[in-house]
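Listed below, chain by chain, are the residues.
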Amino acid sequence: MNETKKLVPYSVYLPEAQYNKLKELAKNRKASALIRDAITMLIEGNDAYKSGYNKACKDASKVIYESEEAQMIAVRGKDLGSILTELIQELEMK
């Protein structure tokens, strides 16, 4: 039996910007496949997903760490940029 005949509907709440982008993709019949692929990569621990996620964490850490404003605010003797960077780095997948 074709795997697409076994599909089950599932609802999620999305930010409006994501919803609008998916709506555009749906016109080209790409939205469902995109979501299924992303979920599959996440569930299976696909290295492409993991490396992309970790890169995003590193990029976010770098932006925060290099922010002059974040370096100007100190909490218990440590600048906010360093604190937030460490917290984001803890989110990286091993």
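Please read all numbers here as calculations on a predicted model, not as lab measurements.

Student: Explain the overall build of the chain to me, using residue names and the numbers behind them.
Tutor: Counting secondary structure elements, the chain contains 5 helices and 2 strands. For 94 residues, the compact-globule estimate of 2.2 N^0.38 gives 12 Å, and the C-alpha radius of gyration of the chain, at 19 Å, exceeds that figure by more than 25%. Dimensions of the chain, computed from the C-alpha atoms along their principal axes, are close to 60 × 30 × 20 Å. Counting only residues that meet the buried cut, the chain has 14% of its 94 residues in that class. Counting contacts in the chain only where the partners sit at least 6 residues apart, residues at least 24 apart contribute 43% of the total. With the model as given, the accessible surface of the chain reaches about 8,200 Å², and the carbon-plus-sulfur share is 57%. Taking the average place of the 15 positive charges on the side chains of the chain and the average place of its 14 negative ones, the gap between the two points comes to 10 Å.

Student: Account for the pattern of salt bridges, with residues named and values stated.
Tutor: Pairs can form between side chains of opposite charge once their charged atoms are near each other. All told, the structure shown has 3 salt bridges when counted by the stated rule. A salt bridge links Asp59 to Lys55, with the nearest nitrogen and oxygen atoms 2.9 Å apart. With Asp59 and Lys55 both in helix 3 (residues 47-65), this residue pair falls 4 residues apart, about one helical turn. Residue Asp59 is classed as partly exposed on the basis of its relative accessible area, which comes to 37%. Residue classification places Lys55 among the partly exposed positions, given a relative accessible area of 49%.

Student: Got a sec to walk through the side chain of Asn54? Specific residues and values, please.
Tutor: Here Asn54 shows up in helix 3. What makes Asn54 buried here is its relative accessible area of 11%. The contacts of Asn54, once residues within four sequence positions are left out, are Glu92 and Met93.

Student: Please give an account of unusual backbone geometry that cites residues and values.
Tutor: A positive phi angle is found at Arg76, which is not glycine, with a value near 50 degrees. For Arg76, the position within the fold is in the loop between strand 1 (74-75) and strand 2 (78-79). Note on Arg76: relative accessible area 84%, which makes it exposed.

What counts as what
The numbers attached to residues start from 1 for each chain and follow its sequence in the written order. Only residues with pLDDT of 70 or above have their local features reported here, since the model is predicted, and side-chain atom pairs are shown and tallied only from 80 upward, although totals for entire chains, interfaces and linings are computed over all residues. To obtain the side-chain values, all non-hydrogen atoms of the structure were used and water was disregarded. Runs of H or I in DSSP of at least four residues are treated as helices and runs of E of at least two as strands, each being numbered from the N terminus. Put simply, the radius of gyration uses C-alpha atoms, and a globule should come to 2.2 Å times the residue count raised to 0.38. Buried residues are those whose accessible area, probed at 1.4 Å on protein chains only, stays under 20% of the maximum for their type, while exposed residues exceed 50% and partly exposed ones sit between those limits. Contacts are assigned to residue pairs that have any heavy atoms within 4.5 Å of one another. To be clear on the numbers: accessible area is Shrake-Rupley with a 1.4 Å probe, and residue cover counts the displayed protein chains and nothing else. When charges are tallied, Lys and Arg are placed among the positive residues and Asp and Glu among the negative ones, while His and the ends of the chain are skipped. Here the site of a charge means NZ on Lys, CZ on Arg, CG on Asp, or CD on Glu. For salt bridges, the criterion is a side-chain nitrogen of Lys or Arg within 4 Å of an Asp or Glu carboxyl oxygen.

So, to be careful, I would describe these as geometric facts and stop short of saying anything about function.
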